[in-house]
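# Residue-level structural notes
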Amino acid sequence: MMMKLLVLMLAGTASAMEGLARCDTSTNEREHIINSAVEKLEATGDFDVIEGTLTFNHRQIGNPAGRYGTVSFPTWSQPMALCKATTFNQTSPIPFSFCSIAFTLGPRDAVVWLGCTPPPAAYFSIRSYVAFRFSPSVWFPAAELGDPANLYTLNSTGGALDPYEKTTMLVSTGDRETARHVKNAFSEAGLPKGVDNLDVIPSTLARFRDRQGHPLWVTDKSDAFAWQFRVSQFENKDDAEAYFNQTWPVYLVRARPRYEQKGPRPLPPPVARTRGTGQDEAYLHPSVQLLEEKIISTYASKGSKLSYRFPMDHIVPDVERCLNDPTYAPISQRVPAWHFRGGPGCDWFSADALYTGLPNTTDLSALTFPLTRTYVVLGVNQPRLEKSIYTNLMVTAVAAFEDPLHSVNLTATELQGSAGVFAPDIDYPDDLWAYSFSRDCSSGELGQGGPLFCRTVTPSMINETEFLFVVERKYLELATKTGPSPQEVMPPTVLIFDKVETDEDEDEKEHEELLWQDEAVSRPALRRSM
């Protein structure tokens, strides 16, 4: 036992010296297991094994507080038409062709990763998605195929109590027999017991390749799959970069014709974890109402009036509808005139989170940022109440959605204590927050909250004529190991304040309104599918 501990310590030290991600197994040890397992799988005559990579994007996309790992396989291993289809129909801000992260699978194929979990972070998870669907026409479901394996549910050498920098393996497949073959091959190759994870791709949701009936993908039109490996809020920046800079090998285990002709042995769809514990936040309603009143009176005393009020909405997409209805837009419809990128699909949402956006009827024309405007977002600190382990509030420019240079991103830790600026004497002030986003947080004449709880948003981040959007994400209620229940947690509210205008200001506003009328530009709402 002492010798094994010494070996693991030396492996971690060597990784740190090499600038690699730390782990309780070395790269050489993992390579030995992988090579042996691949040899065993290919020796059966049932599989070909193709090496690919798992990498993390270096330009932050999606939630600016996190990073996203994706899987890529050689172009020659995928249908030739797939790359063209996923590039031409690109509907996401990912700054590279989707063909580099999308792949097809037969009903008996698998994707296998043997690697290491991240260093200490607020959250991480892995799950397979249907990225593109091509029948009856092409669209972008970006739909999660079940609950992800997260830091509390992933099997590793550390278990749930010690999930960081540990050895783990994930197998994505829809076939029971293939899953057994892969597990046995890696076990015989020396994989520690109990570190494998099965990422089920349900045949009831996915459209697999039919290589026997349709050798050409253009007639088969099966799904393009993708992986999402989410990691958010590392404790140590250097450890984070070492992990993100590493390229991990990942393997496509492709069924040969003889094995495929035996017919699939579908895995049953996994049972979804249930949201909610029965404990809600109703006792906080009076405090939230009083906090809002105090915010309005504070801004009124500084010469700002409440122009708009938007209670935000929780959004829980229907995954099956995302996969089967190309018109279903649970997040928002696309609004090209306003550079709003919405559209059909589940937008990579995860069951591990509860997402909150602006209400369905929001007039997007209200969401500009003149020099005399201040936004205040108020809500409940769910991590403090153990209704989530990690939250993220984002204010972002619509034209550069989620771009770190054009977004403000705050965690619950940064919001803690902000309600006391406006209402220190209310009940449960530490359970609430109220944060200001303004053009001026320093003079005390516009944004309130001081240096800690007011963020100055410069025109270079979000200019006066473009539109902004507000999103909140609540990840993992510890008691359920899934996202919080929308029936049990309160969504934030957005208040928009403008300086009281002089007669000269009113004349300028009327002139701007006439310009809008001359341009005949409509003012659409989000119009999410319900």
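As the structure is a prediction and not an experimental result, all values here were calculated from the model.

Turning to the side chain of Asp-223, a few remarks are in order. With respect to the element layout, Asp-223 can be found in the loop between helix H5 (217-220) and strand E9 (224-234). Among the residues examined, Asp-223 registers a relative accessible area of 0% and is labelled buried. At 2.6 Å, the side chain of Asp-223 and the side chain of Arg-133 are in polar contact. A distance of 2.8 Å separates a polar atom in the side chain of Asp-223 from the backbone nitrogen of Arg-207. In contact with Asp-223, not counting residues within four places along its chain, are Phe-103, Thr-104, Val-130, Phe-132, Arg-133, Phe-134, Leu-205, Ala-206 and Arg-207.

Taken as a whole and judged by the stated rule, the model has 27 aromatic pairs. Ring geometry for Phe-132 and Phe-134: centres 6.0 Å apart, planes at 15 degrees, overall stacked. Residues Phe-132 and Phe-134 agree in their burial class; the two are buried. Between Phe-234 and Phe-244, the aromatic rings sit 5.2 Å apart at their centres with planes inclined by 75 degrees, giving edge-to-face as the arrangement. Pair noted here: Phe-234 is in strand E9 and Phe-244 is in helix H6 (residues 237-244), with a separation of ten residues, a long-range link.

Turning next to unusual backbone geometry. Positive phi, normally seen in glycine, also occurs at Trp-348, with a value near 65 degrees. Structurally, the position occupied by Trp-348 is in the loop between helix H9 (319-324) and strand E13 (353-357). Among the residues examined, Trp-348 registers a relative accessible area of 8% and is labelled buried.

It is worth spelling out the nonpolar core at this point. Counting 51 residues, the largest nonpolar core has Trp-113, Phe-225, Trp-227 and Phe-229 as its most contacted members. Elements supplying a minimum of two residues to this core: strand E1 (47-56), strand E3 (110-116), strand E4 (121-132), E9, H6, strand E10 (248-255), H9 and E13. With 32 residues, the next largest nonpolar core counts Phe-369, Leu-393, Ala-397 and Leu-415 among its residues.

Here we come to the pattern of salt bridges. All chains considered together, the criterion is met by 24 salt bridges. The salt bridge partner of Asp-46 is Arg-258, with a shortest N-O separation of 2.8 Å. In this pair, Asp-46 is assigned in the loop between helix H2 (27-43) and E1 and Arg-258 in helix H7 (residues 257-260), connecting sequence segments 212 residues apart. Residues participating in the shared-partner salt-bridge network are Arg-108, Asp-175, Glu-177 and Arg-265.

Another aspect to go through is the packing of H2 against helix H4 (residues 176-188). At their nearest, the axes of H2 and H4 sit 8 Å apart, and the two run at 130 degrees to each other. By the angle between their axes, H2 is oblique relative to H4. Relative to H4, the crossing made by H2 is right-handed. Each of Ile-33, Ile-34, Ala-37, Lys-40 and Leu-41 in H2 lies in contact with H4, whose residues at this interface are His-181, Val-182, Ala-185, Phe-186 and Glu-188. Here the contact of H2 with H4 is composed, by residue class, of seven nonpolar, one polar and two charged.

With that settled, the discussion passes to helix H8 (residues 285-301). In an α-helix, one full turn covers 3.6 residues, which means residues spaced three or four apart are oriented alike. The end-to-end C-alpha distance of H8, which contains 17 residues, comes to 25 Å, matching closely the 24 Å that a straight helix rising 1.5 Å per residue would cover. Listing the buried residues of H8 in full gives Ser-287, Val-288, Leu-291, Glu-292, Ile-295 and Tyr-299. Projected onto a plane normal to the axis of H8, the buried residues spread over an arc of 140 degrees and lie on a single side. Facing away from the buried side of H8 by more than 90 degrees, the exposed set consists of Pro-286, Gln-289 and Ser-301. Tucked into the core, H8 has its buried residues touching strand E11 (304-311), strand E14 (373-380), helix H11 (419-422), strand E17 (432-438) and strand E20 (493-499). Looking one or two residues beyond H8, the residue adopting positive phi is Gly-303, at roughly 85 degrees.

It is worth spelling out the sheet that holds E20 at this point. Spatial strand order, E11-E20-E14-E17-E18: five strands in an open sheet with mixed pairing. What marks the edges here is a single partner per strand, and that holds for E11 and strand E18 (454-456). Ignoring which end each strand starts from, the neighbouring axes of this sheet average 20 degrees apart. Direction of pairing for E11 relative to E20: antiparallel, over a ladder of seven bridges. Looking at the pairing, Leu-306 lines up with Phe-497 of E20. Here H8 sits on the sheet and contacts E11, E14, E17 and E20; the angle it forms with E14, its principal contact strand, is near 165 degrees.

This next bit is on the confidence of the model for the protein. With 86% of its residues at a pLDDT of 70 or more, the protein shows a mean pLDDT of 87. In this model, residues 89-95 is a region of pLDDT below 50 whose contacts with residues beyond four sequence positions or in other chains number 16 contacts. Predicted confidence for residues 512-523 stays below pLDDT 50, and this span has nine contacts to residues more than four positions away or in other chains.

Turning next to the sheet that holds E13. Taken in spatial order, the five strands of this open sheet run E12-E13-E19-E15-E16, and their pairing is antiparallel. Across the chains shown, the open sheet's two edge strands, defined by having one partner strand only, are strand E12 (313-315) and strand E16 (407-411). Strand-to-strand twist in this sheet, taken as the mean axis angle between neighbours without regard to direction, amounts to 20 degrees. The pairing of E13 with strand E19 (residues 468-475) spans four bridges and is classified as antiparallel. Paired with Leu-354 across the two strands is Lys-474, which belongs to E19.

Turning our attention to the state of the cysteines. This structure, assessed with the given rule, holds three disulfides. For Cys-322, the disulfide goes to Cys-346, at an S-S distance of 2.0 Å. Judged by the sign of its S-S torsion, about 100 degrees, the bond between Cys-322 and Cys-346 is right-handed. Here the residue Cys-322 occupies a position in helix H9, and Cys-346 occupies one in the loop between H9 and E13, the gap between them amounting to 24 residues. This pair shows no difference in class: Cys-322 is buried, exactly as Cys-346 is.

Criteria and cut-off values
Residues numbered from 1 in each chain as written. Predicted model: local features only at pLDDT ≥ 70, side-chain atom pairs only at ≥ 80, totals over all residues. Heavy atoms only, no water. Helix = DSSP H or I, 4+ residues; strand = E, 2+ residues; numbered from the N terminus. Buried < 20%, exposed > 50% of the residue type's maximum accessible area, 1.4 Å probe, protein only. Polar contact = N/O pair within 3.5 Å; in protein donor to acceptor, adjacent residues only side chain to side chain. Contact = heavy atoms within 4.5 Å. Phe/Tyr/Trp six-rings, centres within 6.5 Å; stacked < 30°, edge-to-face > 60°. Core = buried A, V, L, I, M, F, W, Y, C linked by side-chain atoms within 4.5 Å. Salt bridge = Lys/Arg side-chain N within 4 Å of Asp/Glu carboxyl O. Axes fitted to C-alpha atoms, helices over the stretch in contact; angles between N-to-C directions. Parallel < 35°, antiparallel > 145°, perpendicular 65-115°, else oblique. Left-handed = near helix turned anticlockwise from the far one by under 90°. Nonpolar A, V, L, I, M, F, W, Y, C, P; charged D, E, K, R; others polar. Expected span 1.5 Å × (residues − 1). Arc of directions from axis to C-beta. Pairing = 2+ DSSP bridges. pLDDT = per-residue confidence, 0-100. Disulfide = S-S within 2.5 Å.

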